[in-house]
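Structure at a glance
Next come the chains, spelled out residue by residue.
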Amino acid sequence: MSAEGFGPAASLAADRLPHTPAWVYLLRCADGSLYAGWTNDLARRLRAHRTGAGGARYTKSHGKSAVRLAYAEVCADKSAALKREAALKKLSKSDKEALAADWAARSRLTVRMATPDDAADVVALYNWYVTHGTQTFQYELSTEAEYRQNIAEVLEKAPFLVAYTADGRLAGYACAHPWHTRRAFAWDVETTVYCAPDVLGQGTGRRLYTALLELLRRQGYHNAFALITRPNPQSDAFHKALGFTRYGVEKNSGYKFGRWLDLGYWAYELNPPADPPAPVRLQLDEAEIELVLQDCTVV
Ligand SMILES: CC(C)(COP(=O)(O)OP(=O)(O)OC[C@H]1O[C@@H](n2cnc3c(N)ncnc32)[C@H](O)[C@@H]1OP(=O)(O)O)[C@@H](O)C(=O)NCCC(=O)NCCS
């Protein structure tokens, strides 16, 4: 079969999420001032500002590690972003503050348990990565019907969390399903997390995963495993930051977009191995779930 025959099919579903060729943004610095910039990779640029490695001189001298995103706007291309950046820089402080306040209100996240009716949004997000990236080895697009079923099945045993912005965009989701089907594996889950390409590096993944891991811990699962295709330095760094440890790499495990890719195996101990282990609580009560989701609002 030709390489073309192996590629993921084009789909309108996958086009529902934006390609993000360029951005303008405002950063809130430690002293309260707002810095305007542009970038073609918002997550990487934010990290550069925070670490000082390649960030702007202004943010370096204004409490770099404390800078946080205060406004972000997608532009058609670099030239549009440069024009918009110049316009942002000319705005008065109060106009910049108004933009930041409106953006903060629109971007406020709510993390909740998914329902099958979220399937259209979830599959659109996932299919974006099927079509545009190697974070998943999947070639063919998933369908809304598959995800309706998937969400319902996951919820029988584990959380399926979604994070929505106040203006109704799905910012990300995280879920867990059985690691293997044999009974001896009943205390193990595989975890998954995907954030929309326009919110990467802004804390959505941490919010979702912190809540997911705490819910799984309360259910009595012992181990969470994650499979991370390589290279995916962002997901590697994310899982490490959340407490996972890499314990193995399968070399040249998958082939996608014309290259061989490795698969990293990561583990996180949810509960120490009790002997004998208590049965997993397949369902937590509503009040306990609410408590965890509220606690994970601030991370
Ligand atoms: C991986 C992913 C879920 C992380 O979510 P996120 O919202 O972008 O990450 P967060 O902003 O919550 O970051 C949490 C921590 O992870 C680490 N991290 C995240 N992105 C990083 C990066 N690009 N470089 C280094 N560290 C990074 C940091 O320690 C960060 O904490 P900090 O911001 O306090 O320093 C998200 O980037 C994503 O969906 N990527 C594409 C799909 C994917 O790869 N999914 C995982 C499949 S295994």
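Under an unreviewed UniProt entry, the name given to the chain is GIY-YIG catalytic domain protein, and the organism recorded is Subdoligranulum variabile DSM 15176. Under the UniProt heading Sequence similarities (unreviewed entry), the note attached to the chain is "Belongs to the UPF0213 family."

Taken together, the 3 strands give an open sheet; going across it, the order is S2-S1-S3, and neighbouring strands pair in antiparallel fashion. Each edge of the sheet is formed by a strand with only one pairing partner; in this case those strands are strand S2 (34–39) and strand S3 (68–75). When strand polarity is set aside, the average angle formed by the axes of neighbouring strands in this sheet is 20°. In this structure, strand S1 (residues 22–28) lies alongside S2, joined through 6 bridges in antiparallel fashion. Following the sheet pairing, Tyr25 is matched in S2 by Gly37. Packing against the sheet, helix H5 (residues 93–107) makes contact with S1, S2 and S3, and its axis sits at approximately 85° to S3.

Here the chain is partitioned into domain 1 (13–107) and domain 2 (109–295). For domain 1 versus domain 2, the separation of C-alpha centres amounts to 28 Å. In this complex, domain 1 contributes 17 residues to the contact, which on the side of domain 2 involves 20 residues. Here domain 1 packs against domain 2, burying approximately 1400 Å² in sum over the two surfaces, 58% of which is carbon and sulfur. Remark: the boundary between domain 1 and domain 2 carries 1 salt bridge. One salt bridge in this structure joins Arg106 and Asp167, with 4.0 Å as the shortest N-O distance. At the boundary of domain 1 and domain 2, one finds 3 residue pairs in polar contact (both at pLDDT 80 or more). Those elements giving two or more residues to the side of domain 1 that touches domain 2 turn out to be helix H2 (42–51) and H5.

Okay, the layout of surface pockets next. In this structure, the second largest pocket spans a volume of roughly 300 Å³. Around the second largest pocket, the lining comprises 16 residues; the ones closest to its centre are Lys157, Ala186, Trp187, Tyr221 and Leu282. In terms of residue class, the lining of the second largest pocket is built from 10 nonpolar, 2 polar and 4 charged.

Under the present numbering, the feature "domain: N-acetyltransferase" (unreviewed entry) in UniProt falls on residues 109–275. Across residues 109–275, helical content stands at 31% and strand content at 35%; the span's end C-alpha atoms are separated by 40 Å.

Attention now goes to the nonpolar core. Most often, soluble globular proteins have nonpolar side chains that are buried together. Of all hydrophobic cores here, the largest spans 55 residues; its most connected members are Val122, Phe160, Leu161, Tyr173, Tyr209 and Leu216. The element contributing the most residues to this core is helix H6 (residues 119–132), with 8 residues. The contacts of Leu216, once residues within four sequence positions are left out, are Ala158, Pro159, Ala176, Val189, Thr191, Tyr221 and Leu270. Ala70, Leu99, Ala100 and Trp103 belong to the second-largest nonpolar core, a separate cluster that totals 24 residues.

Moving on to the pattern of salt bridges. For the structure on display, the rule yields 17 salt bridges. A salt bridge links Asp118 to Arg112; the nearest nitrogen and oxygen atoms lie 2.9 Å apart. Looking at Asp118, the relative accessible area reads 6%, which means it is buried. Arg112 sits in the partly exposed class, given a relative accessible area of 31%.

Take unusual backbone geometry next. Following Arg230, the chain continues into Pro231 via a peptide bond in cis, with omega recorded as 10°. Position of Pro231 relative to the elements: it lies in the loop between strand S8 (223–230) and helix H9 (233–241). In this structure, Asn252 takes a positive phi of about 45° despite not being glycine. Secondary-structure assignment places Asn252 in strand S9 (residues 245–256). If you check the backbone angles, Phe257 has positive phi at about 50° while not being a glycine. Among the secondary structure elements, Phe257 is positioned in the loop between S9 and strand S10 (259–269).

Calculation notes
Residues numbered from 1 in each chain as written. Predicted model: local features only at pLDDT ≥ 70, side-chain atom pairs only at ≥ 80, totals over all residues. Heavy atoms only, no water. UniProt positions renumbered as here; feature names shortened; annotations may be inferred. Pairing = 2+ DSSP bridges. Helix = DSSP H or I, 4+ residues; strand = E, 2+ residues; numbered from the N terminus. Axes fitted to C-alpha atoms, helices over the stretch in contact; angles between N-to-C directions. Contact = heavy atoms within 4.5 Å. Domains from an automatic or database assignment. Buried area = accessible area lost by both parts, 1.4 Å probe. Salt bridge = Lys/Arg side-chain N within 4 Å of Asp/Glu carboxyl O. Polar contact = N/O pair within 3.5 Å; in protein donor to acceptor, adjacent residues only side chain to side chain. 1 Å grid on protein atoms, 1.4 Å probe; cavity = no way out; pocket = protein on both sides within 12 Å on 5 of 7 lines; lining within 4 Å. Points joined across faces, edges and corners; volume = space filled by probe spheres on them. Nonpolar A, V, L, I, M, F, W, Y, C, P; charged D, E, K, R; others polar. Core = buried A, V, L, I, M, F, W, Y, C linked by side-chain atoms within 4.5 Å. Buried < 20%, exposed > 50% of the residue type's maximum accessible area, 1.4 Å probe, protein only.

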